[in-house]
Amino acid sequence: MADTATGRYRIAVIGAGGKMGMRVSNNLVKTDHDVRYSENSPAGQERVTATGRTLTDTATAIADADIVVLAVPDLALGPVTAEIVPQLQPGAIVLTLDPAAAYAGLLTTRDDVIQAVAHPCHPSVFLERTSKEEWADTFGGIAAPQDAIAAIESDDPAKRSIVEATVRAIYAPVINVHWVTVKQLAQLEPTFVETVACMIGALLNEALEEAVNTMGVPEAAARSILFGHTQVALANGLRGDNPFSDACLIAMDYGRESIIKEDWKKIFRDDELDKNLAKMLHLDKIER
Ligand SMILES: NC(=O)c1ccc[n+]([C@@H]2O[C@H](COP(=O)([O-])OP(=O)(O)OC[C@H]3O[C@@H](n4cnc5c(N)ncnc54)[C@H](O)[C@@H]3O)[C@@H](O)[C@H]2O)c1
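What counts as what
- Residues numbered from 1 in each chain as written.
- Predicted model: local features only at pLDDT ≥ 70, side-chain atom pairs only at ≥ 80, totals over all residues.
- Heavy atoms only, no water.
- Core = buried A, V, L, I, M, F, W, Y, C linked by side-chain atoms within 4.5 Å.
- Buried < 20%, exposed > 50% of the residue type's maximum accessible area, 1.4 Å probe, protein only.
- Helix = DSSP H or I, 4+ residues; strand = E, 2+ residues; numbered from the N terminus.
- Contact = heavy atoms within 4.5 Å.
- Near = heavy atom within 4 Å.
- Polar contact = N/O pair within 3.5 Å; in protein donor to acceptor, adjacent residues only side chain to side chain.
- Areas by Shrake-Rupley, 256 points an atom, 1.4 Å probe, with all protein chains shown as cover.
- Nonpolar A, V, L, I, M, F, W, Y, C, P; charged D, E, K, R; others polar.
- Phe/Tyr/Trp six-rings, centres within 6.5 Å; stacked < 30°, edge-to-face > 60°.
- Lys NZ or Arg CZ within 6 Å of the ring centre and 35° of its normal.
- Pairing = 2+ DSSP bridges.
- Right-handed = clockwise from strand over helix to strand, strands pointing away.

Peer 1: Describe the nonpolar core, naming the residues involved and giving the relevant values.
Peer 2: Within soluble globular proteins, side chains that are nonpolar generally end up buried alongside one another. The biggest cluster of nonpolar side chains holds 33 residues, and the ones touching the most others in it are Ala12, Ile14, Ile62, Val68, Leu70, Ile84 and Leu88. Among the elements of the structure, strand S1 (10–14), helix H3 (58–62), strand S3 (67–70), helix H4 (77–84), helix H5 (100–103), strand S6 (146–152), helix H8 (182–214) and helix H11 (270–280) are those that each provide at least two residues to this core. For this core, the leading source of residues is H5, giving 4 residues. Apart from residues no more than four positions distant in its own chain, Ile14 is found in contact with Ser38, Thr58, Ala61, Ile62, Val68, Val69, Leu70, Ala71, Val72 and Val80.

This is the structure in structure tokens:
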């Protein structure tokens, strides 16, 4: 099967016309890997063929695949794995791009098919960017280097190499691939980065709207002071670049008391993760 000597693998992308499918395919075409593309919606099929890529049906795409990249919506991962996993070659790897469905036990599995998950970290806010393309690439996968987090349910180093090569290709340019368990990946995403970090990003935008609409501050002034202070908050808070001033620390305490619930760290508990995932996956509860 896999040509480990050359590092050239047979990769199937399912959902090739979706947001992630297009991103990963745009990178895979630049590699030597033997890539097959499958997409079932007419709009997605049009997006794929518009790039000059050829589509195949899913059964053909996965028939001799070393690794299958499932770029389908999380809610489709159950039915899609139920369809494809029984058809895979023994030793094939199924790679999902988000841990929720895998951790929730929604995927069809097989003893001789390996389950893996990989999520992009996105380029760091502290990345030293040296070109306009790197500045523009906030998501990653185009020009700005990023790390990726991966999990694999196998001890076989050859399988891990295939996943790492695929992850490095689909999210390129990649600096480091960090290995964790599927559960840890589910704790990182959603809890750590979506529930906390993305929520705070959205909260900053709400605060900006308050500054403009409730306080009547000119929008340009509000944006300017917020964007600069956001950089200082992250540099001081996450990297310790400078100490916060004494007055700032008092204002921060007022913010914490007024905005943050005392028991907020409960979000890191397993039962809360299950509640979060159940909502995301539109389930009554997670049963595993
Ligand atoms: N969008 C993001 O920013 C992002 C980031 C990281 C990871 N992810 C993960 O990537 C995965 C895909 O998400 P997305 O946002 O790209 O979804 P999307 O809805 O943009 O694309 C999914 C594509 O899969 C196709 N599809 C659905 N069922 C199919 C089937 N049976 N066979 C072939 N094609 C099928 C759809 O037509 C669609 O084109 C999810 O697991 C998501 O959590 C998304």
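Peer 1: Talk me through the site of the ligand; I want residue IDs and the actual numbers.
Peer 2: Lys19, Met20, Glu39, Asn40 and Asp74 are the nearest of the 20 residues found near the ligand. Asn40 places a polar main-chain atom, nitrogen or oxygen, 3.3 Å from a nitrogen atom of the ligand. Protein burial of the ligand: of its 840 Å² of free accessible surface, 80% is covered by the chains. Element by element, the count of residues in the shell around the ligand is highest for helix H1 (residues 19–28), at 3 residues. Taken together, the residues that form the shell around the ligand break down as 8 nonpolar, 7 polar and 5 charged.

Peer 1: Mind laying out the environment of His282, listing which residues take part and the relevant values?
Peer 2: In this fold, His282 is placed in the segment after H11. Judged by relative accessible area, His282 falls into the exposed class, the value being 63%. Distance from His282 to Leu234, taken between C-alpha atoms, is 33 Å for residues 48 residues apart in sequence.

Peer 1: How would you sum up the packing of aromatic side chains? Please name residues and give values.
Peer 2: Two measures describe an aromatic ring pair: the distance that separates the ring centres and the angle between the ring planes. The final tally for this structure, using the stated rule, is 1 aromatic pair. With centroids separated by 6.0 Å and ring planes inclined at 70°, the aromatic side chains of Trp264 and Phe268 adopt a geometry described as edge-to-face. One Lys or Arg, Arg53, reaches over the ring of Tyr37 and ends 5.5 Å from the middle of that ring.

Peer 1: Could you give an account of the pairing of S1, with specific residues and numbers?
Peer 2: Most of S1 sits out of view: 4 of its 5 residues are buried. Sheet analysis places S1 next to strand S2 (residues 34–38), joined by 5 bridges and oriented parallel. Across the sheet, Arg10 pairs through a bridge with Asp34, a residue of S2. Read as a crossover between parallel neighbours, the route from S1 over H1 to S2 is right-handed. In this structure, S1 lies alongside S3, joined through 4 bridges in parallel fashion. In the sheet register, Ile11 faces S3, and the bridge partner there is Ile67.

Peer 1: Tell me about the environment of Ser38, and please be specific about residues and values.
Peer 2: When you line up the elements, Ser38 lands in strand S2. Between the C-alpha atom of Ser38 and that of Ile62, which follows or precedes it by 24 residues, the distance is 9.1 Å. Every residue in contact with Ser38, bar those within four places of it in the chain, is listed here: Val13, Ile14, Gly15, Ala16, Leu55, Thr56, Asp57, Thr58 and Ala61. Polar side-chain contacts of Ser38 include one of 2.6 Å to the side chain of Thr58.

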